[in-house]
Structure formats: C-alpha cells, structure tokens
Amino acid sequence: MVFSPARSRSLSTLFALLAALASPGCAKGGGASDAGSKDGAAHDAATAGLPAPPDVAAPPADAVKTASGLATKVLTPGTGADHPSQNDSVKVNYSGWTTDGKMFDSSVAPLQPGRPAQPLTLSLGRVIPGWTEGMQLMVVGEKRRMWIPEELAYKGKPGAPAGMLVFDIELLDITPGPKPPPDVAAAPEGAVKQPDGLASKVYQPGTGTAHPGANDGVRVNYSIWQPDGKFLDGSKDGAPQARPVTGFSDGWAEGVQLMTVGEKRTLWVPAALFNPPGHPPSTTDITIVLELLEILPGPKTPADVKAPPKDATLEKDGLATKVLTKGTGTAHPTRTQSVTVKYAGWTTDGKMFDSSYARGEPSTFGVSGVVPGFGEALQLMVEGEKRRIWIPQELAYKGRQGAPAGMLVFEVELQKITDAPARMGGPGTMPPGMGGMGGMGGMGNHPPMPRPMPGGQPGMPPGHP
C-alpha cells in the first residue's frame with residue numbers, strides 16, 4: 001500500500017529480456033574480462049542473434065493477409081489437423097525480429113545470458129493480439145512466418161520493440177484450455193435483469209437460505225469470460241477460492257449477494273459494473289460463472305465509522321484508537337517484529353475495502369511493512385486485544401491514486417507477536433486492487449481478487465506466463 005514500496009514481482013524471462021535490451025550495459029553482452037575468451041566469443045555470437053529472414057522488411061507477395069492486418073506465410077506444412085483456440089496453451093519454438101533485421105527475442109538462440117535454448121509453453125490468452133490470432137491459423141508440426149503490425153503488437157509501449165514485428169514460429173504441441181459456457185455472449189431467455197443492467201440466471205438452486213453480506217467473504221468456484229469466449233480468470237486448478245464480496249467490482253458484489261450456498265449462477269455484467277479498483281474501467285461486458293460453496297462471515301460496519309467517538313484516545317499525530325476487547329498479553333510489538341492479526345478496513349462512508357475475514361484466515365506481516373498509522377496502532381496493542389483505529393489520510397495513503405482516500409477505519413484483533421521476519425503484505429502494503437499482474441491484484445497484498453488477466457494487451461511479450 002503506501003508506507004513501504006511493494007516489492008516488484010518476478011516477470012517472465014522474455015519481459016526481462018526486453019528490459020535488458022533497453023540497457024546499454026546489457027546490450028554489450030559480457031564483461032570486458034571475457035572479451036578475448038572462448039566463452040566470451042560464444043556469448044557474443046549468441047547475443048548477435050539469428051540472421052533475419054530475407055523478407056523481414058515487409059510481407060512478400062505470397063503472404064496471406066487477414067482483415068486485421070496480420071500477414072503470414074507457411075514455411076513448413078504441419079502434420080496435425082487441429083488448430084489451437086484463444087484459450088489454449090501452445091508449445092513453440094520461435095524467433096522475432098524488427099523490420100530492420102535485428103533479432104529481439106528467441107527460444108532457439110536466446111539473447112539473454114544463462115537462458116537455455118528450449119521451447120516455451122505459452123497461453124494464447126496472454127500474448128500480444130497478433131500472436132493470439134496467428135497461432136490459431138496453425139496446426140502441430142507447422143512452421144509459419146508472421147508479420148505483426150504494431151497495432152497488433154506492442155502499440156508503441158516504451159521499452160518494447162517498435163513497429164511491425166516479424167516472427168518465425170514452429171508449433172510443437174497444443175494443450176486445451178477451458179471451454180466457454182454456451183451462453184457466454186449474452187444473457188439467454190429466462191435470465192433476470194436488474195435495473196442497473198446486471199443479468200443473472202440460476203443453473204443450480206442453492207441448499208442454504210442465507211445470502212452473503214457486503215462485508216462477508218465467500219468461498220467459490222468461478223470463471224470470468226469475455227463475450228467472445230476468451231477466458232480471463234478462474235479458480236486455479238479447480239480449487240475453490242476465498243474472495244471478498246466487495247472490493248472487486250460492483251457487478252461481482254451485486255451478483256454474489258443474490259446467491260445462497262450450493263447455488264450455481266451465471267452473471268452477465270455490463271462494462272460499467274466491471275470496475276476493479278485501481279484499474280482502468282472495463283470497455284467490454286463480462287460473463288462470470290459462479291458456484292457459492294461457503295459464506296465467510298465478516299464484521300459489521302462500525303456505527304462510529306464517520307469519525308472517532310469521544311471515548312477514543314487521540315494521539316498527537318492525529319491517530320485515534322479505542323480498545324474493544326482487552327488483551328491477555330503484556331508485550332507490545334516493535335517495528336522489527338511481525339504480527340498475526342484479523343482485521344477489516346472501511347472508508348468513512350462505510351464501504352469496506354479490505355478484510356482478512358474475507359480470505360478465511362488471519363494475516364501475518366511485518367509491523368514496519370504497513371502504512372504509518374496502522375503500524376503505530378499495532379505498537380499500542382498486546383496479544384488478544386481488539387482495537388478500532390481511525391487513521392487520518394496523512395498517516396494512510398496520502399492521496400495516492402487508486403488507494404482509498406481520506407480517513408480510514410480499521411478493526412484489528414492482535415493474535416500473535418513473533419520475531420520471525422514476515423513477507424510484505426497487509427493493510428497498508430499497497431492499494432487494494434493494485435497487486436501484481438500474475439497474481440491479479442487483490443485486497444492488500446494477499447490472495448487476490450479475480451479480475452481479467454492482461455492477455456493480448458500491448459506490452460505483453462509473447463510467452464509472458
């Protein structure tokens with residue numbers, strides 16, 4: 001969140017390669033001491049890349065051009081009969097050049113020191129659009145050359161190869177991906193439409209009677225799709241996921257609260273209601289398939305969420321706290337220690353933006369790894385204590401874009417103090433919904449909220465997992 005910068009997540013080798021190519025030091029290859037050695041010469045040869053195709057500057061007359069502007073030419077016919085779909089993964093060998101003949105990426109002759117020459121397996125939903133389209137034209141065993149115009153590649157993103165890109169690709173294998181639901185494109189007859197445009201249809205009635213509340217969490221199986229059948233996100237390996245009801249998008253929150261345990265329902269969410277915090281608004285409608293397995297009860301919104309009550313203790317810096325349950329311990333955590341807590345956080349209009357209850361388990365993090373007001377309040381507490389805290393904006397996110405604004409209110413139950421270092425993550429580590437790409441940003445820096453993967457977007461190199 002704000003007090004400590006979030007540690008950068010590891011990116012794919014290909015994305016790291018693009019960054020390396022932008023660095024003059026990396027572009028030169030090995031150090032000066034290796035220049036005259038046999039190994040140094042081999043490294044220099046590797047970093048020189050493969051020779052560019054003779055037609056690298058532009059598609060030849062016998063290339064086939066699609067309506068989008070993608071041009072392709074079959075170099076070696078394939079032995080298979082099936083084409084991959086946009087949700088499948090493919091195992092490939094490939095090399096890529098800019099139109100001036102400079103190779104910028106390759107699985108066959110990698111430019112990156114230490115990266116082995118070996119095929120890569122890529123999800124077609126997470127590569128640049130030209131790759132997604134072009135790979136679906138191929139069959140196993142085929143080798144094809146593709147000329148990908150910039151608008152289907154990186155669209156001028158800084159640090160990425162510019163202009164038209166040329167790839168030689170060999171398709172080695174196809175791994176089938178998830179199949180879209182039959183009614184993914186639009187709500188079918190019988191779906192119930194809400195006044196705000198959300199539509200839903202129950203495909204399996206629930207066995208429970210209670211509905212999740214706005215402050216609860218839920219354990220669900222889910223999948224998220226574009227209307228064209230592109231898979232965006234879902235339960236990992238079929239395992240149920242604990243997710244908050246609120247804090248992801250208005251459409252998700254509204255739809256989940258219509259359900260009962262045991263129910264299976266599909267939501268057709270208008271773009272205006274699919275608005276993950278900290279991310280650009282969606283420009284397309286979304287279809288969500290949900291199975292509600294369990295409701296994870298969360299705390300009620302405090303009655304005094306708008307401002308600290310008179311019996312709250314006010315610190316000199318503006319932090320206000322109130323003990324709700326006295327603790328059983330005697331020691332207070334220090335900035336160098338870690339704590340295990342249950343907590344929930346609200347803005348002063350009563351909207352919950354973060355909660356460990358929604359994840360179904362307490363959170364452990366370093367005292368120094370959260371916003372200043374939260375860290376200060378923790379040091380006032382003892383084990384077993386539950387306290388409500390009001391953190392002024394200057395001790396919270398300080399107006400950071402994408403983060404909750406104004407005073408924040410937390411209820412915190414301190415369960416354990418430890419000397420062992422804990423990973424970054426907790427209330428205040430990074431703005432809710434602003435987590436890393438591969439894990440899909442969530443509440444705090446914990447198991448993330450479902451949101452669309454950035455597949456097919458500019459800046460996503462082919463092979464970004």
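Residues numbered from 1 in each chain as written. Predicted model: local features only at pLDDT ≥ 70, side-chain atom pairs only at ≥ 80, totals over all residues. Heavy atoms only, no water.

Quick look at the overall build of the protein
Rule in force here: Here a helix means four or more residues in a row that DSSP labels H or I, a strand means two or more in a row labelled E, and each is numbered from the N terminus. Categorising residues by exposure relies on relative accessible area from a 1.4 Å probe, with only protein chains included: less than 20% of the type maximum marks a residue as buried, more than 50% marks it as exposed, and the intermediate range marks it as partly exposed. Note on contacts: a residue pair qualifies if any of its non-hydrogen atoms lie within 4.5 Å across the two residues. Values of accessible area rely on a 1.4 Å probe in the Shrake-Rupley scheme; residue burial ignores everything except the protein chains shown.
When you go through the protein residue by residue, the secondary structure sums to six helices and 21 strands. Out of the 465 residues in the protein, the part that is buried amounts to 48%. When contacts within the protein are restricted to residue pairs at least 6 apart in sequence, long-range pairs at least 24 apart make up 72% of them. Of the roughly 20600 Å² that the protein leaves accessible, carbon and sulfur atoms contribute 55%.

Some remarks on the packing of aromatic side chains
For the record, the criterion: Pairing of aromatic rings covers Phe, Tyr and the six-membered ring of Trp, with a centre-to-centre limit of 6.5 Å; geometry is then stacked below 30 degrees between planes, edge-to-face above 60, and tilted otherwise.
If you walk through the whole model with that rule in mind, you get 14 aromatic pairs. Ring plane angle 80° and centroid distance 5.6 Å describe the contact between Phe-353 and Phe-410, whose orientation is recorded as edge-to-face. Taken together, the positions of Phe-353 in strand 18 (residues 352-355) and Phe-410 in strand 21 (residues 408-418) put the pair 57 residues apart, joining distant regions of the chain. Accessibility expressed as a relative area gives 8% for Phe-353, which makes it buried.

Describing the pattern of salt bridges
The condition is simple: Here, a salt bridge means any Lys or Arg side-chain nitrogen found within 4 Å of an Asp or Glu carboxyl oxygen.
Throughout the structure, instances matching the rule amount to 13 salt bridges. Arg-115 serves as the salt-bridge partner of Asp-105, at 3.3 Å between the closest nitrogen and oxygen. With Asp-105 in strand 4 (residues 103-106) and Arg-115 in the loop between strand 4 and strand 5 (120-123), this residue pair connects regions lying 10 residues apart in the sequence. Residues Asp-105 and Arg-115 agree in their burial class; the two are buried. We note a salt bridge from Arg-219 to Glu-294, for which the minimum N-O separation is 3.1 Å. Of the two residues, Arg-219 is situated in strand 10 (residues 217-225) and Glu-294 in strand 14 (residues 286-296); the sequence distance between them amounts to 75 residues. In this structure Glu-294 comes out as partly exposed when scored by relative accessible area, which is 36%.

So, unusual backbone geometry
Trans peptide bonds make up most of the peptide bonds, and negative phi angles are found at most residues other than glycine. The backbone of Lys-155 shows a phi angle near 55°, a positive value even though the residue is not glycine. With respect to the helices and strands, the residue Lys-155 is situated in the loop between strand 6 (143-148) and strand 7 (165-175). The phi angle at Lys-398 is positive, at roughly 55°, despite the residue not being glycine. For Lys-398, the location among the structural elements is in the loop between strand 20 (386-391) and strand 21.

Some details on the pairing of strand 4
Under the convention used in this document: Strands qualify as paired when DSSP identifies two bridges or more between them.
Taken together, the three bridges between strand 3 (residues 89-98) and strand 4 define a ladder with antiparallel strand orientation. When the bridges of strand 4 are listed, Gly-96 appears paired with Asp-105. In textbook terms, the turn of a hairpin is the stretch between consecutive antiparallel strands, and for strand 3 and strand 4 this stretch comprises four residues, one of which, Gly-101, has a positive phi near 90°.

With respect to the confidence of the model for the protein
To be explicit about the condition: In predicted models, pLDDT denotes the confidence assigned by the predictor to each residue on a 0 to 100 scale.
Scored by pLDDT, the protein comes out at a mean of 82, with 80% of its residues at no less than 70. In this model residues 1-46 is a low-confidence stretch, pLDDT under 50, and it forms 75 contacts with partners more than four residues away in sequence or in other chains. Ignoring residues within four places in sequence, the model shows residues 430-465, a span with pLDDT below 50, making 152 contacts including any to other chains.

Structural notes on the side chain of Asn-93
Our working definition: The definition of a polar contact used here is a pair of N or O atoms within 3.5 Å, where within protein one atom must be able to donate a hydrogen and the other to accept one, and adjacent residues in sequence count solely through side-chain atom pairs.
As for its position among the elements, Asn-93 is in strand 3. Exposure remark for Asn-93: the relative accessible area of 18% places this residue in the buried category. Here the side chain of Asn-93 touches Ser-107 through a polar contact of 3.1 Å, side chain to side chain.

Notes on the environment of Ser-249
Looking at the element boundaries, Ser-249 is found in the loop between strand 12 (241-244) and helix 5 (250-256). The buried category is assigned to Ser-249, whose relative accessible area is 4%. Placed 26 residues apart in sequence, Ser-249 and Asn-275 show a C-alpha to C-alpha distance of 4.9 Å. Sequence-distant contacts of Ser-249, that is, excluding residues within four places in its chain, are made with Leu-273, Phe-274, Asn-275 and Pro-276. Within the structure, the side chain of Ser-249 is placed 3.5 Å from the backbone oxygen of Leu-273, a separation counted as a polar contact.

Observations concerning the environment of Leu-290
Along the chain, Leu-290 turns up in strand 14. Leu-290 sits in the buried class, given a relative accessible area of 2%. Along the backbone, Leu-290 and Tyr-203 are 87 residues apart, and their C-alpha atoms lie at a distance of 9.9 Å. The residues contacting Leu-290, other than those within four sequence positions of it, are Val-220, Asn-221, Tyr-222, Trp-252, Val-256, Met-259, Glu-263, Lys-264, Arg-265 and Leu-267.

Overview of the side chain of Asp-88
Spelled out, the test is: Only four residue types enter the charge count: Lys and Arg as positive, Asp and Glu as negative, with His and the chain ends excluded.
Checked against the element boundaries, Asp-88 lands in the loop between strand 2 (71-76) and strand 3. Lys-179 provides the closest opposite charge to the buried, salt-bridge-free Asp-88, at an N-O distance of 4.7 Å. Dropping the residues within four chain positions of it, Asp-88 is found in contact with Leu-122, Ser-123, Leu-124, Ile-174, Thr-175, Pro-176 and Gly-177.

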